Amino acid sequence: MRILVVDDEETVRSAVRRRLERDGHTVDEAESEADAAEKIQASDPSYDVVVTDMVMNSEQGGVEVLKSAVGRDIFTEVIVLTAYGNVANAVECMKLGAFDYVEKNIPGVDVYDLLAMKVAQALERRRTALATLRRADQIMKVTARAEQ
Amino acid sequence: MSGSLAEGREGGGCPVAGAAVFNCISRLLLSHERSLNDILDAILVEAMKAVEADRAFIALADFEHGELAVRFTAGAGWNEQNTALRLKVSQKTGRGITSHVAATGRPYRTGDVTTDPYYICHFDDVKSEVAVPVVNAYGRVEGVINMESVRPDAFSGQHEEFLMAVANLVALRILADQQEKRQAALVSLGRELARFSRSADVFRKVMDLVASAISFEDCSIFLLRPEENVLVLEASRGRLGEKVHQARYRVGEGITGWVAEHGKPVRTRDPRSDPRWRGLHEELEPEAVGGLIAVPIVGYDRVLGVFRVLRRRSQYAWVPNDFTQDDEDFIVATASILGAVLDSFELVKRVIAAERMAAWGEMSARSAHMIGNRVFAIKGDLNELRHLSRQECSAEKLAPVIESLEKGVFRLEEILAEFREFVVATKLNTSPVSLNELLEEALRESFPRNSGVRLELDLHPGLPPVEADASKLRRCFSELVENSINFQREGGVLRVSTEPATPEKDRIRIVFEDRGPGIPEENKKLIFRPFFSTRSKGMGLGLSIVKGIIDAHRGTIRETGEEGQGARFEIELPAIADLPGAERDAK
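Residues numbered from 1 in each chain as written. Chains lettered and ligands numbered in written order. Predicted model: local features only at pLDDT ≥ 70, side-chain atom pairs only at ≥ 80, totals over all residues. Heavy atoms only, no water.

Here's the deal with the overall build of chain A
- Within chain A one finds five helices and five strands.
- The order of α-helices and β-strands along chain A, N terminus first, is β-α-β-α-β-α-β-α-β-α.
- In chain A, of all internal contacts separated by at least 6 residues, the share reaching a separation of at least 24 is 63%.
- Just so you have it, chain A exposes about 7400 Å², and 53% of that area is on carbon and sulfur atoms. (Helix = DSSP H or I, 4+ residues; strand = E, 2+ residues; numbered from the N terminus. Contact = heavy atoms within 4.5 Å. Areas by Shrake-Rupley, 256 points an atom, 1.4 Å probe, with all protein chains shown as cover.)

Okay, here's the thing in structure tokens:
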């Protein structure tokens, strides 16, 4: 599966990439909102999941990435990473259709494994959604044929 | 005898020539261009001519030492020696016509000195003498005007009366002069104190100015430490100077403590007879005190301390030298100006603290975020390590993870270091410092050899020293150098200059100017705020730390360059005022 990791810190991007590659995913990196928008636009096929930091150049960086991702493919799932004090922004992303958010610093929790799990769940939802879409498409085609 | 007062003797009523002499003398007294000394000198000559005396002098009381000193002389035969001799003899014996007049406060006249019980011979040719006291508004003898003649019975009652009138005018002029001096001292206090940055300088200036306007033996300033409820000696001119920061009064203890407790002044000529007196810390032996004024230094909402002035008791009964209501009013006015200045010090401290507090709020949120991010990255490396440890893995696979871990921890430490610097930026450990030397030192340490940036130094010689924390200022200068180098990667110029910021040299300006891209107008206000950075290193605290350090020195820093022309940082620091040898650089 194709995943894009967006964060302004190189160390964070590579740590996340390494973890997700371990699960067999293909991972690209973007270092800013603008970089992400470019890569999302150029992607073909579109990314299955985008993991993005909330605060980068702007306080609303995560929201911008979310908009770019669903603008390219409505079924791309977006997971937002938040540091201290950004939960309110993350909830805003959820309202706009993000799959979930993950807090970077949860004491005693291996957030990387948690993130890997969320990515798996997001991929599952995307698969289900795409399957539903295909079925609906099929049903429409069958119905249309029956009407002829 | 024409032109003299003697004419009036026969004529009765107001002698016309006498009126002319008065006109001349009162004009002299009104003169603003001439000093008191010049005026008294001229008056003495006029008065001597008017009474047709051959020799004359004015002796003035020296309240500080309780002496009567011959200050002005007219006529023939005066020299340094007999001026001094006359003074000594009259003091030692308690005899002498001058001392007698001073002691009684009444005029004295003798037509034949050879039979006079008070007369002491200094000039062989003297036959008659008249002396009148100069009595001030408080009925105190300020001095004596003395006339001598080689003729017997040279002086009449009218001469004596004329001289009394002259003496009264002289007393008025002395009073006016004293008031003028006090007014000037108060104006100068109000005007100059604002530019001082250290309370020690302020105390010294206050004591100097008070000393110029009122004679006293000693004075001390005690400040209240509210948390302990004690007054602590902060400055003293005389022998209490050794007990600065040690001599203490509890509030309410002794006269000084009473003044602090009640916020009211105390004036006494004999502290020992005052029931509040404890005699804990004294500028003079208790029996030597001839006058004491202790007034509260009052700030905006509380008593800040006590200002105390002492005068030595005169050895001579005829020189009463305790303080007057005028003296007290002057000290009260001085103390209230001092109170306002101390208040302003406190305010500046609070403003800086408030700015730092605001920065702290942003700081804690920001640093939590940044530290959180670093820890997140470190946890990622740990996750990888655990994963690798579950399988057989080679050292080559481990190495990059460990390296990344190290980098993560290092960046955490970098944040901590910056954090610590921000915290201690306003805590100074100061001493007199030569800015020029400090700049040269800082540039030697921090200016890179092969940067492609040319360094131009233009240091103004003979600047007064500043009271500064050398290591903190060095840190400021290094930060500005680093900034400039970073923004002139392709090479350029850094020009560092110093100069007096004011003609009085009470502030020094330091300018760091480069040919880099400069600061865009919209960023000028932001660059000194914490976390504003266009670079990725650290937390962006660099210039906010610089500003914190300069603020704590009671200086200012501004960016006055033009975008596209280069950056220009202008720092102004207060110089140490009135330090002996301030014209030279501090060593």
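Regarding the overall build of chain B
- The helix and strand tally for chain B stands at 13 helices and 18 strands.
- A buried classification covers 50% of the 587 residues belonging to chain B.
- Taking as baseline every contact in chain B between residues at least 6 positions apart, the subset at least 24 positions apart corresponds to 66%.
- Summing over all exposed atoms, chain B offers an accessible surface of approximately 27900 Å²; the carbon and sulfur share of this is 51%. (Buried < 20%, exposed > 50% of the residue type's maximum accessible area, 1.4 Å probe, protein only.)

A look at helix 7 (residues 199-213) of chain B
All names here are of chain B.
- In this model, helix 7 (15 residues) spans 21 Å end to end at C-alpha, consistent with the 21 Å of a helix rising 1.5 Å per residue.
- Inspection of helix 7 places D201, V202, F203, K205, V206, M207, L209, V210 and A213 among the buried residues, and these make up the whole buried set.
- Elements in contact with the buried residues of helix 7: helix 6 (157-192), strand 6 (218-225), strand 7 (230-236), strand 11 (303-312) and helix 9 (325-389). (Expected span 1.5 Å × (residues − 1).)

Quick look at the packing of helix 9 of chain B against helix 13 (residues 542-552) of chain B
Residues and elements named next belong to chain B.
- Put simply, helix 9 and helix 13 touch, their axes get as near as 10 Å, and they point 165° apart. On the basis of the axis angle, helix 9 is roughly antiparallel to helix 13. The crossing of helix 9 and helix 13 is left-handed. Listed contacts from helix 13 to I352, E355 and R356 of helix 9 are S544, K547, G548, D551 and A552.
- A breakdown of the residues in the contact of helix 9 with helix 13 according to their chemical character gives two nonpolar, two polar and four charged. (Axes fitted to C-alpha atoms, helices over the stretch in contact; angles between N-to-C directions. Parallel < 35°, antiparallel > 145°, perpendicular 65-115°, else oblique. Left-handed = near helix turned anticlockwise from the far one by under 90°. Nonpolar A, V, L, I, M, F, W, Y, C, P; charged D, E, K, R; others polar.)

A closer look at the pattern of salt bridges
Residue and element names in this part refer to chain B.
- Per the counting criterion, the structure on display carries 52 salt bridges over all chains.
- In this structure, R568 engages E513 in a salt bridge whose closest nitrogen and oxygen atoms are separated by 3.5 Å. Here the residue R568 occupies a position in strand 18 (residues 568-574), and E513 occupies one in strand 16 (residues 507-514), the gap between them amounting to 55 residues.
- What makes R568 partly exposed here is its relative accessible area of 23%.
- Exposure remark for E513: the relative accessible area of 27% places this residue in the partly exposed category.
- Salt bridges linked by common partners bring E499, R507, R509, E513, R558, R568, E570 and E572 together as one network. (Salt bridge = Lys/Arg side-chain N within 4 Å of Asp/Glu carboxyl O.)

Remarks on the pairing of strand 11 of chain B
All names here are of chain B.
- In terms of burial, strand 11 is a largely internal element, nine of the ten residues being buried.
- The pairing of strand 6 with strand 11 spans six bridges and is classified as antiparallel. Within strand 11, the position partnered with S220 by the bridge is R308.
- In the sheet, strand 10 (residues 289-298) pairs with strand 11 via nine bridges, with the strands oriented antiparallel. Looking at the pairing, V295 lines up with F307 of strand 11.
- Between the end of strand 10 and the start of strand 11, which pair antiparallel, lie four residues. (Pairing = 2+ DSSP bridges.)

Concerning the interface of chain B and chain A
- Facing 18 residues of chain B, the contacting portion of chain A comprises 23 residues.
- At the surface where chain B touches chain A, the tally comes to six salt bridges.
- In this structure, the salt-bridge partner of B:E384 is A:R18, at a minimum N-O distance of 3.7 Å.
- Linking chain B with chain A are 15 residue pairs in polar contact (both at pLDDT 80 or more).
- Elements that contribute at least two residues to the side of chain B that touches chain A include exactly helix 9 and helix 10 (395-424) of chain B.
- Considering each element in turn, the side of chain B that touches chain A owes the most residues, 15 residues, to helix 9 of chain B. (Polar contact = N/O pair within 3.5 Å; in protein donor to acceptor, adjacent residues only side chain to side chain.)

Let's talk about the sheet that holds strand 8 (residues 248-250) of chain B
Residue and element names in this part refer to chain B.
- An order of 8-7-6-11-10-9 is seen for the six strands of this open sheet, with the pairing classed as antiparallel. The strands lining the two open edges of the sheet, one partner per strand, are strand 8 and strand 9 (266-268). Neighbour to neighbour, the strand axes of the sheet diverge by 20° on average, direction disregarded.

Quick look at the pairing of strand 1 (residues 55-62) of chain B
Residues and elements named next belong to chain B.
- Burial analysis of strand 1 places seven of its eight residues in the buried class, the great majority of the element.
- Across six bridges, strand 1 lies against strand 5 (residues 141-149) in antiparallel orientation. Directly across from R55, in strand 5, lies its bridge partner E148.

Comments concerning the nonpolar core
All names here are of chain B.
- In this structure, L473, F477, F512 and F569 are the most contacted members of the largest nonpolar core, which totals 41 residues.
- Those elements that place two or more of their residues in this core are helix 9, helix 11 (435-446), strand 14 (466-468), helix 12 (470-486), strand 15 (492-500), strand 16, helix 13 and strand 18.
- A total of six residues in this core trace back to one element, the largest contributor, which is helix 12.
- Apart from residues lying up to four places away in sequence, F569 is in contact with L480, I510, V511, F512, I519, I527, F528, L543, I557, R558 and E559. (Core = buried A, V, L, I, M, F, W, Y, C linked by side-chain atoms within 4.5 Å.)

What about the packing of helix 10 of chain B against helix 13 of chain B?
Residue and element names in this part refer to chain B.
- Packing of helix 10 against helix 13 leaves a shortest axis separation of 9 Å and a crossing angle of 20°. Between helix 10 and helix 13, the angle is such that the two are roughly parallel. Of the two possible hands of crossing, helix 10 and helix 13 adopt the one that is left-handed. Contact residues: helix 10 offers E418, E421 and F422, while helix 13 offers G542, S544 and I545.
- For the contact of helix 10 with helix 13, the per-class residue count stands at two nonpolar, two polar and two charged.

Focus on a negative patch on the surface
Residues and elements named next belong to chain B.
- Taken together, the side chains of E521, E522, E562 and E563 present a region of like negative charge at the surface.
- Tracing the backbone through its elements, the reader meets E522 in the loop between strand 16 and helix 13.
- Look at E522 and you get exposed, because its relative accessible area is 57%. (Patch = residues over 30% accessible without salt bridge, like charges linked within 9 Å, V, L, I, M, F, W, Y side chains within 5 Å. Lys, Arg positive; Asp, Glu negative; His and termini not counted. Charge placed at Lys NZ, Arg CZ, Asp CG, Glu CD.)

Overview of the environment of B:K349
All names here are of chain B.
- Of note, K349 is situated in helix 9.
- In this structure K349 comes out as exposed when scored by relative accessible area, which is 56%.
- Considered as a pair, K349 and A552 are 203 residues apart in the sequence and their alpha carbons are 8.1 Å apart.

Focus on the packing of aromatic side chains
Residues and elements named next belong to chain B.
- Under the definition given, this model contains eight aromatic pairs over all chains.
- Measuring from ring centre to ring centre gives 5.2 Å for W78 and F123, while their planes differ by 75°; the resulting arrangement is edge-to-face. A residue pair is termed long-range when its members are at least 10 positions apart, and W78 in the loop between strand 2 (67-75) and helix 4 (80-93) and F123 in the loop between strand 3 (108-110) and strand 4 (128-135) qualify at 45 residues. F123 shares its class with W78; the two are buried.
- Taken together, the ring pairs connect F57, W78 and F123 into an aromatic cluster.
- Across from the ring centre of W258, 4.3 Å away, lies the NZ or CZ of R276, which sits over that ring. (Phe/Tyr/Trp six-rings, centres within 6.5 Å; stacked < 30°, edge-to-face > 60°. Lys NZ or Arg CZ within 6 Å of the ring centre and 35° of its normal.)

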